[in-house]
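# Descriptive structure summary
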Amino acid sequence: MADNEKDLKVVFERPHALLPVVTNFCPGCPHGIVERLVAETMDELDIEGETIGVAPVGCSVISYDFFGCDMIEAAHGRAPAVATAVKRVHPDGVVFAYQGDGDLASIGMAETVHAATRGENITVIFINNAIYGMTGGQMAPTSLPNQVTQTSPYGRDVATAGNPIRVSELLNALDGPAYIERVCVDTPKNVRKAKKAIKKAFQNQLDGVGYSFIEVVSTCPTNWGMTPQDAFAWMRENMLPYYPLGVVRDVTADGFANAAEAAAARNAACPIAHPELKTEGGN
Amino acid sequence: MSEKVLMKGNEAMAESAMRAGCRFFFGYPITPQTEVAAYMAKMMPKVGGTYLQAESEVAAINMVYGASAAGARVMTSSSSPGISLKSEGISYMAGADLPGVIINVQRGGPGLGSIQPSQADYWQATKATGHGDFHIVVYAPSTVQEMADYAFKAFDTADKYRVPVMIMADGMLGQMMEPVVLPEARALEDLPEKPWATNGHGHKRPHNVANSLYLTAEDLEDLVRERYERYDAIIEGEQEAESYLTDDADIVLTAFGGAARVARSAVNAARERGIKAGLVRPITLWPFPTDAIEAVLPQAKAFLDVEMNMGQMLEDVRLAVAGRAPVEFFGRTGGVIPNPDEVLAAIVALNEKVGE
């Protein structure tokens, strides 16, 4: 017995940055996986002590009880504004926002777009499960065409309810972001890929590369009315064709040091953006 | 002591805030507070501070929330319609016990209203700056000097009680120029410690949380009750008012901010006519200076409340007077500034009425 104990090795444990508490997430909810990946990242980069997380209204609002770093609960949609200010006050700190689709892409779209276009050097984790979870399953800005929800009981009619928003592609129209990637956490392989992306999104912040945005295509078994496995199957079948996985933007892979350099290259033909260029008619 | 300079009210508030240690300003353009933001945009970079033009008033107040949670002295400024947009964020600040300074350079309302001076946001500022059980401290300066003084003091009050503080100005005060002696700048290292700030725990303390969500009703009730004990301390210790010629006054005017300037002229004109008029000028609108009203009650025959609205502070004056004397009202609204002659006429009429 004693010999056996000596041979025991810890191979898997709770990340330090994840507090030893029971979460309020439903069984089978991928939030727990993604929050763990964020916490592992904080441990591995040894940044828990200087990290400030912002969790706005939605299923993840109580994350302030789960993450070990300092946390701010924000009003619905306002996490990017709150995170912007925290980063301006503590430019050497690490600041992340953890938001759902209703929060980020509906009520908080203005804050999302403007934090991105300002190129705030923060990390945004976006959980896209195509539904409002906390309030019981209403249509979200990312709900798919014909998707049945509590407030689209006959299926989302795009003629009246409009089309879903592909947030990663939308943000890719801006000059501010440094890194945008869409991932999911349905299989061990995809969890590892998601972890790599999340870690890069935090490393970018440490390296001053700029605004990094990770969209996690996710599920909501409770409000979709499916088992967790069926929910992942439905996600793979319906959501991934609409929200394709992969890197949407990566300025470092494109050879730039940071988002500002990439933006300068994109607007190279604009004289006022490049005062070093000699232009006609000006001084 | 600083020397006397000539400044616009809006700029005096901005400069004074920076001297109080404010290094973060988040705003959104709106008339007639423009000079506050413009001054900050010009001066903040020179002292290593941050001026950020937010995408909306909603974003700006949430930036104030974030910067305050992070431990900074922070301010935003707007005018009436913009303050309505900030009300959600002010409620969250109150709910998370976060200090911060909000300037309202009031204009006429409701809706888009007018861009002329008004005091029609009194109720909003003192009764319901947002949803929920809470108060904010509201200062109502009446001169450019007071705008400088209270923009400075607002930060100390906010930090002391961990509450949002509003400076209620109006378009007239914001735009006028007067001589002002600016407060001595506070050294940033002398600002109060904020052990509650979410600024990274460095593994030296348990994690801090800025939050206004409590899913257990009894927990929230307990917290709100604790907060109200702090409000009681503010009511006890922070009431401010100026009493002008009230010692022997039969007719006591009540007026704040820009309207008080007109009321003072009318009091002087009434005195020239032999009418014993005086003025109680609340400087804190919340807490309302009931003590100052109480002090003039023994000899006051009647009160005349003068405001640039349809009678909002009037209700607080009547609550303080509690039926012990008649309280009448004279007001102009929509952005119209009352002139001293029409206020004088109201004093004369009231004096005749109570003299009978």
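Look a little higher up for the structure.
Quantities reported herein were computed from a predicted structural model and do not represent experimental measurements. (Residues numbered from 1 in each chain as written. Chains lettered and ligands numbered in written order. Predicted model: local features only at pLDDT ≥ 70, side-chain atom pairs only at ≥ 80, totals over all residues.)

## Quick notes on the overall build of chain A
Stated formally: Segments assigned H or I by DSSP are reported as helices when at least four residues long, segments assigned E as strands when at least two residues long, and all are numbered from the N terminus. Using C-alpha atoms as the atom set, the radius of gyration is obtained and then compared with a globule rule of 2.2 Å times the number of residues to the power 0.38. Contacts are defined on C-beta atoms placed from the backbone: any two residues whose C-beta positions lie within 7 Å are in contact.
Secondary structure assignment for chain A yields eleven helices and seven strands. The C-alpha radius of gyration computed for chain A amounts to 20 Å, which stays within 12% of the reference 19 Å derived for 283 residues, consistent with globular compactness. For chain A, the C-alpha atoms occupy an extent of roughly 80 × 60 × 30 Å along the three principal directions. Summarising the internal contacts of chain A: among those between residues at least 6 apart in sequence, 66% fall at separations of at least 24.

## Remarks on the nonpolar core
Soluble globular proteins: nonpolar side chains tend toward being buried together. Defined as follows: A set of buried Ala, Val, Leu, Ile, Met, Phe, Trp, Tyr and Cys residues, joined through C-beta atoms within 7 Å, is what we mean by a nonpolar core. Counting other C-beta atoms within 10 Å of a residue's own tells you its class, since 20 or more makes it buried, 12 or fewer makes it exposed, and anything in between is partly exposed; those C-beta atoms are placed from the backbone. The domain limits used here are those given by an automatic or database domain assignment.
Of all hydrophobic cores here, the largest spans 191 residues; its most connected members are A:Val86, A:Ile125, A:Val216, B:Ile167 and B:Ala263. Ranked by residues supplied to this core, first place goes to helix H6 (residues 144-161) of chain B with ten residues. Three or more residues apiece are contributed to this core by two domains, here domain 1 (4-237) and domain 2 (242-355) of chain B. With residues near it in sequence (within four places) discarded, A:Val216 still touches A:Val34, A:Ile125, A:Phe126, A:Ile127, A:Asn128, A:Val183, A:Cys184, A:Val185 and A:Ala194.

## Overview of helix H9 (residues 257-272) of chain B
All names here are of chain B. Worth spelling out the cut-off: A helix is expected to span 1.5 Å multiplied by its residue count minus one.
For H9, with 16 residues, the first-to-last C-alpha span of 24 Å sits near the 22 Å given by 1.5 Å per residue. Of all the residues in H9, the buried ones are Gly-257, Gly-258, Ala-259, Ala-260, Val-262, Ala-263, Arg-264, Ala-266, Val-267 and Ala-270. With its phi angle positive at about 85°, Gly-274 sits one or two positions after the end of H9.

## Focus: the packing of H9(B) against helix H12 (residues 340-355) of chain B
All names here are of chain B. Formally: Interaxial angles span 0 to 180 degrees and are taken between N-to-C directions of axes, which are lines fitted to C-alpha atoms, for helices over the stretch in contact. Under this scheme an angle from 65 to 115 degrees is roughly perpendicular, one under 35 degrees roughly parallel, and one over 145 degrees roughly antiparallel; angles in between are oblique. What makes a crossing left-handed is the near helix being turned counterclockwise from the far one by less than a right angle; a clockwise turn instead makes it right-handed. Polarity classes work like this: nonpolar for Ala, Val, Leu, Ile, Met, Phe, Trp, Tyr, Cys and Pro, charged for Asp, Glu, Lys and Arg, and polar for all others, with Gly in that last group.
Contact pair H9 / H12: the axes reach a minimum separation of 8 Å and the direction vectors enclose 55°. Taken together, the axis directions place H9 and H12 in an arrangement best described as oblique. Once H9 is placed against H12, the crossing between them reads as right-handed. Residues Val-262, Ala-263, Ser-265, Ala-266, Ala-269 and Ala-270 of H9 form the contact with H12, whose participating residues are Pro-340, Val-343, Leu-344 and Ile-347. Looking at the contact of H9 with H12 residue by residue, the classes come out as nine nonpolar, one polar and no charged.

## Side note on the sheet that holds strand E15 (residues 327-331) of chain B
All names here are of chain B. Our working definition: A pair of strands counts as paired when DSSP detects no fewer than two bridges linking them.
The strand order across the open sheet built from five strands is E10-E12-E11-E14-E15, with neighbouring strands paired in mixed fashion. In this open sheet, the two edge strands, each paired with only one partner strand, are strand E10 (241-244) and E15. When strand polarity is set aside, the average angle formed by the axes of neighbouring strands in this sheet is 20°. Lying over the sheet, H9 contacts E10, strand E11 (251-254), strand E12 (277-282) and strand E14 (302-307), oriented at roughly 165° with respect to E12.

## Things to note about the environment of B:Val137
Residue and element names in this part refer to chain B. Here Val-137 is to be found in strand E6 (residues 137-139). In this structure Val-137 comes out as buried when scored by C-beta crowding, with 25 C-beta atoms within 10 Å. Placed 101 residues apart in sequence, Val-137 and Glu-238 show a C-alpha to C-alpha distance of 8.9 Å. Not counting residues up to four positions away in its chain, the partners in contact with Val-137 are Thr-157, Val-163, Val-165, Ile-234, Glu-238, Thr-284 and Trp-286.

## Some thoughts on the packing of helix H1 (residues 9-19) of chain B against H6(B)
All names here are of chain B. Close contact between H1 and H6 brings their axes to 8 Å; oriented N to C, the two are set at 30°. As far as their axial angle goes, H6 and H1 are roughly parallel. The two elements H1 and H6 cross, and the hand of that crossing is right-handed. Of the residues in H6, those in contact with Gly-9, Ala-12, Met-13, Ser-16, Ala-17 and Arg-19 of H1 are Val-144, Met-147, Ala-148, Ala-151 and Phe-152. When the residues that make up the contact of H1 with H6 are grouped by side-chain class, the tally is eight nonpolar, two polar and one charged.

## Things to note about the interface of chain B and chain A
One widely used convention gives an interface's size as the accessible area the parts lose upon coming together. Of the residues lining the interface, 33 residues belong to chain B; the matching set on chain A comes to 28 residues. Elements with a contribution of two residues or more to the side of chain B that touches chain A: strand E2 (24-27), strand E3 (50-53), helix H3 (57-69), helix H4 (80-95) and strand E9 (209-210) of chain B. Residue contributions to the side of chain B that touches chain A peak at seven residues, all from H3(B). For strand E2 (residues 70-74) of chain A and E9(B), the ladder comprises two bridges, and the chain directions are parallel. What sits directly across from A:Ile72, in E9(B), is B:Ala210.

## Thoughts on the environment of B:Val138
Residues and elements named next belong to chain B. With respect to the element layout, Val-138 can be found in strand E6. Taking the number of C-beta atoms within 10 Å as the measure of exposure, Val-138 has 27 and is therefore buried. The sequence separation of Val-138 and Val-180 amounts to 42 residues, and the corresponding C-alpha distance is 21 Å. Beyond its immediate chain neighbours, meaning those up to four positions away, Val-138 contacts Ala-125, Thr-126, Met-166, Met-168, Thr-284, Leu-285 and Trp-286.

## A closer look at the sheet that holds strand E1 (residues 51-56) of chain A
Here eight strands make up an open sheet; going across it, the order is E7(A)-E5(A)-E6(A)-E4(A)-E3(A)-E1(A)-E2(A)-E9(B) and the pairing mixed. Strands at the two margins of the open sheet, each flanked by one partner only, are strand E7 (246-250) of chain A together with E9 of chain B. Where strand E5 (residues 179-184) of chain A meets E7(A), four bridges bridge the pair, whose relative direction is antiparallel. The residue bridging A:Tyr179 from the neighbouring strand is A:Asp250, located in E7(A). Where helix H2 (residues 31-44) of chain A meets the sheet, its contacts fall on E1, strand E4 (123-128) and strand E6 (212-217) of chain A, and the angle it forms with E4(A) comes to roughly 165°.

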